[in-house]
Every structure is written in structure tokens, then in C-alpha cells.
Amino acid sequence: MRFGVLDGRAVVVKGDRAADVAAASRWLLPRDPMALLQDCWPRVREWAAGLSEAAYDTPVDPVALGAPVPRPRQVFAVALNYPPHAAEAGFTPPDEPLVFTKFPSCITGPHTTVALPAGKVDWEVELVAAIGRETYLVSEDRAWEAVAGLTVGQDLSERVSQLQGKPAQFSLAKSFPGFGPTGPVLVTPDEFDDPDDLEITGLLNGKAVQHDRTKSMIFSVPELIARLSAVLPLFPGDLIFTGTPAGVGNRMDPPRYLTADDELVSRIEGIGEIRQRFTAPKTSDR
Ligand code: ZN
């Protein structure tokens, strides 16, 4: 199932058309995507599998799609999860996942314009896993069962505030308004031939700057879920940004940061792409 949010309403997407979950179920299922994830995700999947073609009666305007999980309770993000990116950042691959948060207010939809804050804003294309059931102490071999679906994300990062201080702290620098775009849809794991091996690409102004496959990750999606759920419960709708491949701007020579009028496209095989444009910093003498 390809699950999306169109004009604020939960939809199931097929090709370029969508079925409105609440209307097509005669209001047996809620219109709110968070209510669906929290209370009836298995029912939605079962119901969607039996939908007729006629139910897909709404054209999908990609620009009208919102974040497929608009109000996650917890957002986890993982640093240095691809060996080439760990190397370019000057680190040996970690033995334990390096986890920080993107505060949930930064989560947005797939097509957005982001006002650049002061500093140096960088890109990080990432696979994002959304949790589909309350999960605590799950083993790695059962962890895919906890996943509602996969989506594309950008872990936008302001490097000056991220790297200042000893030790550095990541979470605030990665949580400016609009710094967590996600979408275009949430794709259930059964839709992929192999959900552990997806091509992932980041393009800046049409040129590929990041490119890898998710099987390169040091900690796979199920391993991350097992390790996180060994510590704390995961809830339906929680998001996990799983780390970025090599090719971020601050490791280029010379470094390249996002400027006004840049366009970033982030793409993952089998899911789709998200698109961000950037505007100049808001002038203020804060
Ligand atoms: Zn990241």
C-alpha cells in the first residue's frame, strides 16, 4: 500500500490517483492519518487491498501532498550510518548507532520552500522508517513487523550550530523550521522486492551529489528498531531517519552549502521523490 496525505486527509495512492480513506470506507475509517496509524493500521491495509479501481477517484497533485506522518510523537535520527559518509566526516564506523532527534515541529511534506537560517545549511538524503505498532524489546528478526512503511526524508542540517561546542550537539541544528521534509508517500514493506536494498539519490540543481544503496547502512532498519526498542518503547507514527550516504556539502572541496534558489531533490527507489527550494535568510538582528 502507498499511503499519503492529500489536503490533510488520509489517502491510498495508486499511480497518479488516490482513494480518500474516510469517504471510500463510508467513514468507518478516520480521515486523520495519525488516528489511522495509531488505531487501525492493520485494518487500513486489509481494507485497501480490496479497494476497487473506481475508489481511486481523486487525481494526485504532488504539490498538495503533505507529510505522510504529520505529527510523530518521537523522531529518531542516526548519524554516520554509511561507511563512506563516516569516512568523509573523519570517523571510523561506529560500534553503536549514534542517535539524536529532529524535534517533531520540523517535519513537513514533500514539496516545500525552506527559509535558510543564518549559518551553513547542508543536505542529507535519508530513508525514513515509520513505526506501525507499539514496539518494545523486539528482536531484529521480527523488527520489520513493527514498520508501517518507508518514506523519503531530508535531514537538513545547519553545520555551524551542529558542530560548535565540545561535545557537539546535533538535535537543535537539525530542527529549524522545515528541516525535516518527508514524503511523498509511506510505502508498506511488502511493496518492495527487498526493503533492505533500495537505491537512494540526492540531487542538487539536477546534479547527483549523493548516491548509494540502503544495504550499505551499517545498522539496517530492523537492527535500528531492535536497538532502539531495547531502550525505550516506539509508538505508531514514530519516525526513524536512518542516516545519509556520502556526498554532503560540508565535505566537498571547497565546501558547498545551500543558498537561495537552490533546489534539492531526494529520491528513493520504489517510494518516489521530495523536492525542496530554498530562500534567503529572514533578515533580523536577533
Ligand atoms: Zn542525517
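The structure displayed is predicted, hence computed values, not measured ones.

### Quick look at the overall build of the protein
Logical step 1: Across its full length, the protein carries six helices and 18 strands.
Logical step 2: By the compact-globule yardstick of 19 Å for 286 residues, the protein fits well, its C-alpha radius of gyration being 18 Å.
Logical step 3: The C-alpha extent of the protein, read off along each of the three principal axes, is 55 × 40 × 35 Å.
Logical step 4: The proportion of buried residues among the 286 residues of the protein is 54%.
Logical step 5: Counting every atom, the protein has about 12800 Å² of accessible surface; 53% of that belongs to carbon and sulfur.
Logical step 6: Across the protein, the centroid of the 28 positively charged side chains sits 4 Å from that of the 38 negatively charged ones.

### Some words on unusual backbone geometry
Logical step 1: That bond from Lys-166 to Pro-167 is cis: its omega, -5 degrees, falls within 30 degrees of zero.
Logical step 2: Checked against the element boundaries, Pro-167 lands in the loop between helix H5 (159-163) and strand S13 (180-187).
Logical step 3: Of note, the amide linkage connecting Gly-183 to Pro-184 takes the cis form, showing an omega dihedral of -5 degrees.
Logical step 4: Along the chain, the position of Pro-184 falls in strand S13.
Logical step 5: With a phi angle near 50 degrees, Asn-205 is a residue other than glycine that sits in the positive phi range.
Logical step 6: Assignment of secondary structure puts Asn-205 in the loop between strand S14 (199-204) and strand S15 (207-213).
Logical step 7: Judged by its relative accessible area of 44%, Asn-205 falls in the partly exposed class.

### Here's the deal with the packing of aromatic side chains
Logical step 1: Throughout the structure, instances matching the rule amount to three aromatic pairs.
Logical step 2: Pairing Phe-3 with Trp-41 gives two aromatic rings, centres 5.1 Å apart and planes at 85 degrees, and the pair type is edge-to-face. With Phe-3 in strand S1 (residues 2-6) and Trp-41 in helix H3 (residues 41-49), this pair connects stretches of sequence that are 38 residues apart.
Logical step 3: Each ring, one from Phe-176 and one from Phe-179, has its centre 5.2 Å from the other, and the planes form 50 degrees; the classification is tilted.
Logical step 4: A cation over an aromatic ring shows up here: Arg-73 above the ring of Phe-235, its NZ or CZ 3.8 Å from the ring centre.
Logical step 5: Over the face of the ring belonging to Phe-241 we find Lys-102, whose NZ or CZ atom lies 5.6 Å from the ring centre.

### Describing the domain arrangement of the protein
Logical step 1: Structurally, the protein comprises domain 1 (2-64) and domain 2 (75-279).
Logical step 2: Taken over C-alpha atoms, the centre of domain 1 sits 25 Å from the centre of domain 2.
Logical step 3: Facing 11 residues of domain 1, the contacting portion of domain 2 comprises 13 residues.
Logical step 4: Summing both sides of the interface, domain 1 and domain 2 together bury roughly 1000 Å²; the carbon and sulfur share of this comes to 57%.

### Some words on the pairing of strand S2 (residues 9-14)
Logical step 1: Pairing geometry for S1 and S2, over five bridges, is antiparallel. Across the sheet, the residue bridging to Phe-3 is Val-12, located in S2.
Logical step 2: The loop that links S1 with its antiparallel partner S2 comprises two residues; one of these, Asp-7, has a positive phi angle of about 50 degrees.
Logical step 3: Joining the antiparallel neighbours S2 and strand S3 (residues 17-20) is a turn of two residues, in which Gly-15 adopts a positive phi near 60 degrees.

### Describing the nonpolar core
Logical step 1: Grouped together as the largest cluster of nonpolar side chains are 45 residues, with contacts concentrated most on Leu-36, Leu-186, Leu-239 and Leu-258.
Logical step 2: Where this core is concerned, the elements lending two or more residues are S2, helix H2 (33-39), H3, strand S5 (75-79), strand S10 (125-131) and strand S16 (239-241).
Logical step 3: Both domain 1 (2-64) and domain 2 (75-279) contribute no fewer than three residues apiece to this core.
Logical step 4: Other than its neighbours up to four places away in sequence, Leu-258 contacts Leu-116, Val-121, Asp-122, Trp-123, Leu-156, Leu-204, Leu-264 and Phe-278.
Logical step 5: Residues Leu-150, Val-185, Phe-192 and Leu-224 belong to the second largest nonpolar core, which totals 36 residues.

### Describing the pattern of salt bridges
Logical step 1: For the coordinates displayed, the defined rule picks out 21 salt bridges.
Logical step 2: The shortest N-O distance in the salt bridge between Glu-273 and Arg-267 comes to 2.8 Å.
Logical step 3: Residue class for Glu-273 comes out partly exposed when judged on its relative accessible area of 24%.

### Comments concerning the environment of Asp-261
Logical step 1: Positionally, Asp-261 belongs in the loop between S16 and strand S17 (263-268).
Logical step 2: Separated by 87 residues in the primary sequence, Asp-261 and Lys-174 have C-alpha atoms spaced 20 Å apart.
Logical step 3: Those residues within four positions of Asp-261 in sequence are excluded, and the remaining contacts are Asn-205, Arg-277 and Phe-278.

About the thresholds
Residues numbered from 1 in each chain as written. Predicted model: local features only at pLDDT ≥ 70, side-chain atom pairs only at ≥ 80, totals over all residues. Heavy atoms only, no water. Helix = DSSP H or I, 4+ residues; strand = E, 2+ residues; numbered from the N terminus. Rg over C-alpha atoms; globule rule 2.2 N^0.38 Å. Buried < 20%, exposed > 50% of the residue type's maximum accessible area, 1.4 Å probe, protein only. Areas by Shrake-Rupley, 256 points an atom, 1.4 Å probe, with all protein chains shown as cover. Lys, Arg positive; Asp, Glu negative; His and termini not counted. Charge placed at Lys NZ, Arg CZ, Asp CG, Glu CD. Phe/Tyr/Trp six-rings, centres within 6.5 Å; stacked < 30°, edge-to-face > 60°. Lys NZ or Arg CZ within 6 Å of the ring centre and 35° of its normal. Domains from an automatic or database assignment. Contact = heavy atoms within 4.5 Å. Buried area = accessible area lost by both parts, 1.4 Å probe. Pairing = 2+ DSSP bridges. Core = buried A, V, L, I, M, F, W, Y, C linked by side-chain atoms within 4.5 Å. Salt bridge = Lys/Arg side-chain N within 4 Å of Asp/Glu carboxyl O.

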